[in-house]
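# Results of the structural survey
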Amino acid sequence: MARDRSTYRCQECGYAGAKPGTCPDCARTGHYLALVEERPVAVRGERGRPRGAPPAERARPLGDVVIEDGERFTTGMRELDRVLGGGVVRGSLVLIGGDPGIGKSTLLLQSSRALAERSGPVLYVSGEESAGQVKLRADRLGGTAPELFFAAENDLGVIEAHLAEVAPRVLVVDSIQTVFMPEVESAPGSVSQVRECGARLMRLAKSRGVAIFIVGHVTKEGTIAGPRVLEHLVDTVLYFEGERHHAYRVLRAVKNRFGSTNEIGVFEMGDGGLVEVRNPSSFFLAERPRGAPGSAIVATLEGTRPMLLEVQALVAPASFGTPRRTVLGADYNRVCLLLAVLEKRVGLPLQSQDAFVNVAGGGRIAEPAADLGAALAAASSYLDRPIAPDVIVIGEVGLTGEVRGVTGLAQRLREAAALGFATAVIPQSGLAAAAGCGIEVHGVATVEDAVKLLLGT
Ligand code: TYD
Ligand code: MG
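An account of the accompanying structure is given in this report. What you see is a predicted model, and the numbers here were worked out from it, not measured in a lab. Along every chain, residues carry numbers that run from 1 in the direction the sequence is written. A letter from A marks each chain and a number from 1 marks each ligand, given out in the order of writing. Where totals are concerned, whole chains, interfaces and linings use all residues; where local detail is concerned, this predicted model gives features only for residues with pLDDT of at least 70, and gives and counts side-chain atom pairs only at 80 or more. Side-chain numbers here rest on the full set of heavy atoms in the structure, without hydrogens or water.

## Considerations on the packing of aromatic side chains
Two aromatic rings, drawn from Phe, Tyr or Trp (for Trp, its six-membered ring), form a pair once their centres lie within 6.5 Å of each other, and the interplanar angle then sorts them: stacked below 30 degrees, edge-to-face above 60, tilted otherwise. For the coordinates displayed, the defined rule picks out 5 aromatic pairs. Residues Tyr124 and Phe150 carry aromatic rings whose centres are separated by 6.1 Å and whose planes lie at 25 degrees to one another, so their mutual orientation is stacked. Note that Tyr124 is positioned in strand E7 (residues 122-126) and Phe150 in strand E8 (residues 148-152), a separation of 26 residues in sequence. Burial classes follow relative accessibility: with a 1.4 Å probe on protein chains only, a residue under 20% of its type's maximum area counts as buried, one over 50% as exposed, and anything between as partly exposed. Given a relative accessible area of 29%, Phe150 falls into the partly exposed group. Secondary structure elements follow DSSP: runs of H or I of four or more residues count as helices, runs of E of two or more count as strands, with numbering from the N terminus.

## Some words on the site of ligand 1
In this text, near means that some heavy atom of the residue lies within 4 Å of the molecule or strand in question. Near ligand 1 you find 17 residues, and of these Gly101, Lys104, Ser105, Thr106 and Gly270 are the closest. The term polar contact refers here to a pair of N or O atoms within 3.5 Å; inside protein, the definition further demands a hydrogen-donor-capable atom paired with an acceptor-capable atom, and it admits residues adjacent in sequence only when both atoms are side-chain atoms. Note that an oxygen atom of ligand 1 is positioned 3.0 Å from one of the backbone N or O atoms of Gly103. Between ligand 1 and Asp271 there is a distance of 3.0 Å, counted from an oxygen atom to a backbone nitrogen or oxygen. In these tables, accessible area is a Shrake-Rupley quantity obtained with a 1.4 Å probe, and a residue counts as shielded only by the protein chains included in the view. For ligand 1, whose accessible area on its own is 560 Å², the fraction buried by protein is 76%. Within the residue set of the shell around ligand 1, elements represented by two or more residues are helix H3 (104-119), helix H4 (131-140) and strand E13 (264-270). The greatest single-element share of the shell around ligand 1, amounting to 3 residues, is contributed by H3. Taken together, the residues of the shell around ligand 1 sort by class into 4 nonpolar, 8 polar and 5 charged. Under the scheme applied, nonpolar residues are Ala, Val, Leu, Ile, Met, Phe, Trp, Tyr, Cys and Pro; charged residues are Asp, Glu, Lys and Arg; polar residues are all the others, including Gly.

## Quick look at H3
Residues spaced three or four apart along an α-helix face the same direction, because each turn holds 3.6 residues. Here H3 spans 21 Å end to end across 16 residues, near enough to the 22 Å set by a 1.5 Å rise per residue. Taking burial as the measure, the 16 residues of H3 include 14 buried ones, the bulk of the element. Looking one or two residues past H3, Gly120 carries a phi angle of roughly 110 degrees, positive in sign. Any helix carries an expected span of 1.5 Å times its number of residues minus one.

## Describing the pattern of salt bridges
Should the charged atoms of two oppositely charged side chains come close, the side chains can pair. Any Lys or Arg side-chain nitrogen located within 4 Å of an Asp or Glu carboxyl oxygen qualifies as a salt bridge. Inspection of the entire model under this criterion finds 13 salt bridges. Glu160 is the partner of Arg200 in a salt bridge, and the nearest nitrogen-oxygen pair spans 2.9 Å. Here the residue Arg200 occupies a position in helix H6 (residues 191-208), and Glu160 occupies one in helix H5 (residues 156-166), the gap between them amounting to 40 residues. As far as burial versus exposure is concerned, Arg200 and Glu160 are alike and both buried. A salt bridge links Glu448 to Lys452; the shortest N-O distance between them is 3.6 Å. Taken as a pair, Glu448 and Lys452 lie in helix H12 (residues 447-455) at a separation of 4 residues, close to a single helical turn. Look at the salt bridges and you will find they share partners, linking Lys206, Asp235 and Arg257 into a network.

## What to know about unusual backbone geometry
A cis amide bond, omega 5 degrees, links Asp174 with the succeeding residue Ser175. If you trace the backbone, Ser175 turns up in the loop between strand E9 (170-174) and H6. Backbone geometry at Ala167 places phi at a positive 45 degrees, although glycine is not the residue there. With respect to the helices and strands, Ala167 occurs in the loop between H5 and E9. When its relative accessible area of 52% is taken as the criterion, Ala167 is described as exposed. In this model, Asp384 sits at a positive phi of 60 degrees, which is unusual for a non-glycine residue. Along the chain, Asp384 turns up in the loop between helix H10 (371-383) and strand E19 (391-393).

## Considering the environment of Gln428
Relative to the helices and strands, Gln428 is located in the loop between strand E22 (423-427) and strand E23 (440-444). A relative accessible area of 42% places Gln428 in the partly exposed class. On a C-alpha basis, the gap between Gln428 and Glu402 in space is 9.9 Å, while along the polypeptide they are 26 residues apart. Here, residues are in contact when the closest pair of their heavy atoms is within 4.5 Å. Leave out the neighbours within four places in its chain, and Gln428 touches Gly443, Val444 and Ala445.

## Quick word on the packing of H10 against H12
At their nearest, the axes of H10 and H12 sit 10 Å apart, and the two run at 55 degrees to each other. Put simply, H10 runs oblique to H12. Here H10 runs over H12; the crossing is right-handed. Contacts from Leu372, Leu376, Ala379, Ser380 and Leu383 in H10 reach Val447, Ala450, Val451, Leu454 and Leu455 in H12. Axis lines are fitted to C-alpha atoms, over the contacting stretch for helices. Their N-to-C directions set the angle, which ranges from 0 to 180 degrees. Convention used here: angles under 35 degrees read as roughly parallel, angles over 145 as roughly antiparallel, angles from 65 to 115 as roughly perpendicular, and any remaining angle as oblique. Helix crossings are classified by the rotation of the near helix relative to the far one: an anticlockwise turn of less than a right angle makes the crossing left-handed, while a clockwise turn makes it right-handed.

## Here's the deal with the nonpolar core
Think of a nonpolar core as a cluster: buried Ala, Val, Leu, Ile, Met, Phe, Trp, Tyr and Cys residues, connected wherever their side-chain atoms sit within 4.5 Å. With 46 residues, the main nonpolar core has Leu342, Leu372, Leu376, Val447 and Leu454 as its most contacted residues. Setting aside chain neighbours within four positions, we find Leu342 in contact with Gly347, Leu348, Leu350, Ala375, Ala378, Ala379 and Val447.

Below, the structure written as structure tokens:
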């Protein structure tokens, strides 16, 4: 297929059209973005084989495929291994996305060093920082390793030459927005550069059997073209998340051809770089106030990993007009719903109150199992009565004020028991599943029951 005409591509969503103008897809959402011209790529020919040529490798029964030893190797960072599904897979292409400044380079530099120490040569290529800058950072992170190689380079052709020379087991490209192929006539970071470079790196990974990590910056507005267009191409997509002003960082798998996407890795950013957090619950609960009104401990589940978090609420009389609702670390609408349930089903007059809800330590609750805890934190603050410090609260809240069952109840309870919690308030329907978890459980059918039980109204 000969493509000799330019296409015009939206740098926001990847839409491609035959004519210049604005992007029709983005226009629907009220954004008028100019399409950018993309010339046909000269190198396309090398990609295909002549029609009818015999295949290089015959199709064979899947049962005959032998999985070679050493297909997977450890990165030396347990939390990273865990998210990758038990280590790095040879020949895999892994994208690590995240906001600028969140710590992607730090994570990869640290794991590159650990990898170079245990598994052989690692080549770290940066298009963003000079060798001096990276060396300074490495020194701060505890030194380098003899088999950790570095090149400051943007041209993918030159990176390939380095790859041939060093023959590493792992290549890191930091970042995909800064590398380019001279054959592709658009600026580094544009959709077509990112896509072509990604595809080229994928072929390199497969043909050389080298595991490749690529860094991709994403901003909250999604203004930088990039990781999104790569997601369907690469084997694994990890997102590195966290609040910039909190030390806590989560590495989350959103796609993984070699493992589950349920796993998360937890890190803490400190002066010496990222430190793995083996027990996130105790990390989040370290500074919690005991016996203060407005605090409730909830048990969330991230994939298979239970995590205890503290939800705090401050409910105070509104000075005028519409009361304020401010929510950090939880879904705003969900919290408003819970406040309405407290008003209507429990009879707490929150309409006249400002309410601020926050998950302590920069944590985030994204599942309904934390509903009951959030509702109780708000009720506790309004009533100015503390919840006993050794109690955790689990349950989804419905609009009629009913407390509904949650998944993975036993796992959540075991985590709580392991951290020394004595009592759990859980959905009535979960009582059978809760047996033998080493913690005293109280089943509640409604939010009102829970408020009565814990706040004694
Ligand atoms: P970086 O890895 O450069 O982020 P990214 O590659 O995702 O853009 O991390 C930058 C931030 O991390 C920077 O604001 C400083 C902070 N940081 C530390 O707090 N401690 C450290 O040891 C290092 C290396 C960085
Ligand atoms: Mg960086």
